[in-house]
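# A look at the structure
Residues per chain, in single letters:
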Amino acid sequence: MRRTLVLVSLAVTSMVALAFLIPLALTVREIARDRALTTAERQASALGPVLVVTEDPAALERAVASTQAGAARRMAVHMPDGTVVPEQTGGEAVRARPEQLAEAGRRGRWHTARVPGGWALLQPVALDAGRTAVVEVFIPDEELTRGVWQAWSVMTAVAAALVAGSVAVADRLGARMIRSTRRLAEAAGAFGAGDLSVRIEPDGPPELVEAGTAFNAMADHVVQLLAAEREMAADLSHRLRTPLAALRLNAEALGAGPVADQTREAVDRIEREVDQIIRTVRRPQGRGSCDAAKVLRERVEFWSVLAEDEGRGCELIGADRPAPLPLPATELAAAVDALLGNVFRHTPEGTGFAVTLHVGEGITGILVADAGPGIADPDAALQRGRSGGGSTGLGLDIARRAAEATGGYLRIHRSVLGGAQVQMWFRTKWLPPPRRSRRLVRRRHSRT
């Protein structure tokens with residue numbers, strides 16, 4: 001945006017400067033030309049009274065020498081009999097051709113003619129008996145453009161200074177706007193990454209001030225909603241304590257046996273989950289983070305025992321180096337357990353599976369692929385309660401929520417093993433949304 005503002009200011013100021021500079025430059029050139037011609041015409045007219053009074057070559061030579069052009073040996077008088085005054089400098093002052101002199105005599109008024117090295121001003125002077133003398137004043141080309149280049153240089157410098165000043169002002173305005181925009185974007189990224197205490201001081205243009213104020217209000221509202229949600233979850237978890245205590249007493253009363261042991265183990269797991277929920281909702285800090293590679297190694301090792309009993313091939317790929325995720329280890333473990341549980345629940349025994357960890361720039365992916373029958377309708381499977389096969393879709397819903405908690409997403413594709421491949425993609429840092437071409441947007445809208 002800053003570069004765009006600078007380019008727009010440069011283009012507009014340059015066009016305005018050129019719109020004034022070009023006509024002004026042409027006017028300056030015409031003024032210099034008119035000044036030179038007027039000076040030459042005034043000097044030529046000064047000889048008119050002298051020619052009326054006398055035709056003496058000596059007197060005429062003194063009159064010519066008294067003028068500025070004559071002193072510079074650029075003036076000559078062509079008499080009717082063909083003589084030129086002053087005679088000794090005729091070769092230097094005389095530039096006009098005979099036909100040009102004849103044309104001046106016929107016109108009866110001064111005019112200019114192009115001659116080698118410049119222009120000749122020809123001023124006819126009427127004498128007695130219908131005779132006509134012609135006063136020639138030679139004007140060099142440099143005389144016609146004297147001072148023009150200096151004026152053009154000054155005007156160009158002034159125009160360049162105006163353009164530079166306009167660009168500098170536009171750059172400062174753009175920098176102020178960009179600074180406010182970046183501050184707002186960084187605050188939004190930090191808030192999305194879990195820093196709920198971030199706020200900004202609205203500044204910049206009025207629109208950005210309104211956006212900053214709206215962001216602060218939104219952040220305060222989200223914090224209030226999360227606090228209310230934590231209180232509600234904590235209250236619900238505490239309410240579960242009473243029925244759990246009753247379940248434990250009943251489980252203890254069952255005595256010994258496989259069913260009693262399984263019941264007591266289930267009650268213990270429920271109590272641990274409830275304790276974990278209470279600890280999570282009481283935690284005032286952010287969501288926490290974990291090492292995805294470590295969590296995957298632990299969960300795959302846990303499920304590999306059951307996989308070995310059922311004759312399933314189990315493989316873990318890419319978990320040999322740390323992979324930090326902005327997600328608590330318990331939530332990631334629950335999502336991985338949900339996906340692996342679906343593999344054991346919905347594929348026949350002996351079906352192999354693989355878990356792959358991909359670490360990229362700003363994003364990390366966990367892919368769970370199996371060699372089972374696959375998922376016929378992936379879109380329906382992502383909707384809770386419509387996964388088919390008698391499933392509630394809760395496992396995919398847990399995985400999807402875990403991915404979306406970091407700004408990521410969940411996808412279902414066909415795996416290279418022949419079955420389904422569930423992909424969880426997690427954002428590890430905030431990235432701005434990709435820019436979309438306006439032409440593409442218009443084209444898509446035109447098709448709808």
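Since the model is a prediction, treat every value here as computed from it, not as a measurement.

### Description of the overall build of the chain
Within the chain one finds 16 helices and 12 strands. Evaluated residue by residue, the chain yields a buried proportion of 35% over its 448 residues. Partitioning the intrachain contacts of the chain with sequence separation of at least 6 by distance along the chain shows that 61% fall at a separation of at least 24.

### Considerations on the UniProt feature "transmembrane region" (unreviewed entry) in the chain
Under the UniProt annotation, "transmembrane region" (unreviewed entry) lies at residues 149-170. A helix fraction of 100% and a strand fraction of 0% characterise residues 149-170, whose end C-alpha atoms lie 31 Å from each other.

### A look at the packing of aromatic side chains
Applying the stated rule across the entire model yields five aromatic pairs. Centroid distance Trp 149 to Trp 152: 5.1 Å. Interplanar angle 75 degrees. Geometry classified as edge-to-face. Taken together, the residues span about one helical turn, with Trp 149 and Trp 152 both in helix 8 (residues 148-192) at a distance of three residues. Assessed through its relative accessible area of 56%, Trp 149 is described here as exposed. An aromatic cluster is defined as three or more aromatic residues linked by ring pairs; in this entry it consists of Phe 302, Trp 303, Phe 344 and Phe 353. Above the face of the Trp 119 ring, Arg 33 is positioned so that its terminal group lies 5.0 Å from the ring centre. Over the face of the ring belonging to Phe 344 we find Arg 312, whose NZ or CZ atom lies 4.7 Å from the ring centre.

### Some points on helix 3 (residues 57-65)
Turn by turn, an α-helix covers 3.6 residues, leaving residues three or four places apart pointing in a common direction. Along helix 3, the residues that are buried comprise Ala 59, Leu 60, Ala 63 and Val 64. An end-on view of helix 3 places all buried positions within 135 degrees of arc, on one side of the element. Lining the buried residues of helix 3 we find helix 2 (48-53), helix 4 (68-71), strand 1 (75-78) and strand 2 (84-85).

### Re the nonpolar core
Side chains that are nonpolar tend, in soluble globular proteins, to be buried together. The biggest cluster of nonpolar side chains holds 35 residues, and the ones touching the most others in it are Leu 332, Val 355, Leu 357, Ile 366, Met 424 and Phe 426. When contributions to this core are tallied by element, the ones reaching two or more residues are helix 12 (292-309), helix 13 (329-346), strand 9 (353-359), strand 10 (363-370), helix 15 (394-404), strand 11 (409-414) and strand 12 (420-427). Among the elements that take part in this core, helix 13 stands out by supplying eight residues, more than any other. When neighbours within four sequence positions are excluded, Val 355 is seen to be in contact with Leu 296, Val 300, Glu 315, Leu 316, Ile 317, Leu 340, Ile 366, Leu 367 and Val 368. Formed by 22 residues, the second largest nonpolar core is a distinct cluster that contains Leu 37, Ala 44, Leu 47 and Leu 127.

### Overview of the pairing of strand 9
When you tally the buried positions in strand 9, you get five out of seven residues, the bulk of the element. Strand direction decides the pairing type here: strand 9 and strand 10, joined by seven bridges, are antiparallel. Within the sheet, the bridge partner assigned to His 358 lies in strand 10 and is Gly 365. The loop that links strand 9 with its antiparallel partner strand 10 comprises three residues; one of these, Gly 362, has a positive phi angle of about 85 degrees.

### Looking at the sheet that holds strand 2
The antiparallel open sheet is built from five strands, whose spatial order is 2-1-5-4-3. Single-partner strands in this sheet number two, and they are strand 2 and strand 3 (111-115). Two elements, strand 1 and strand 2, share two bridges in a ladder whose sense is antiparallel. By the bridge assignment for strand 2, His 78 is matched with Val 84. Against the sheet, helix 6 (residues 98-107) makes contact with strand 1, strand 3, strand 4 (118-126) and strand 5 (132-140), and its axis sits at roughly 170 degrees relative to strand 3, the strand it touches most.

### Things to note about the sheet that holds strand 9
What the five strands build is an open sheet, ordered 7-9-10-12-11; its pairing is mixed. Every other strand in the sheet has two partners, leaving strand 7 (314-317) and strand 11 as the edge strands with one partner each. Strand-to-strand twist across the sheet, computed as the mean angle between neighbouring axes with direction ignored, equals 15 degrees. Sheet analysis places strand 11 next to strand 12, joined by six bridges and oriented antiparallel. Paired with Arg 414 across the two strands is Ala 420, which belongs to strand 12.

Calculation criteria
Residues numbered from 1 in each chain as written. Predicted model: local features only at pLDDT ≥ 70, side-chain atom pairs only at ≥ 80, totals over all residues. Heavy atoms only, no water. Helix = DSSP H or I, 4+ residues; strand = E, 2+ residues; numbered from the N terminus. Buried < 20%, exposed > 50% of the residue type's maximum accessible area, 1.4 Å probe, protein only. Contact = heavy atoms within 4.5 Å. UniProt positions renumbered as here; feature names shortened; annotations may be inferred. Phe/Tyr/Trp six-rings, centres within 6.5 Å; stacked < 30°, edge-to-face > 60°. Lys NZ or Arg CZ within 6 Å of the ring centre and 35° of its normal. Arc of directions from axis to C-beta. Core = buried A, V, L, I, M, F, W, Y, C linked by side-chain atoms within 4.5 Å. Pairing = 2+ DSSP bridges. Axes fitted to C-alpha atoms, helices over the stretch in contact; angles between N-to-C directions.

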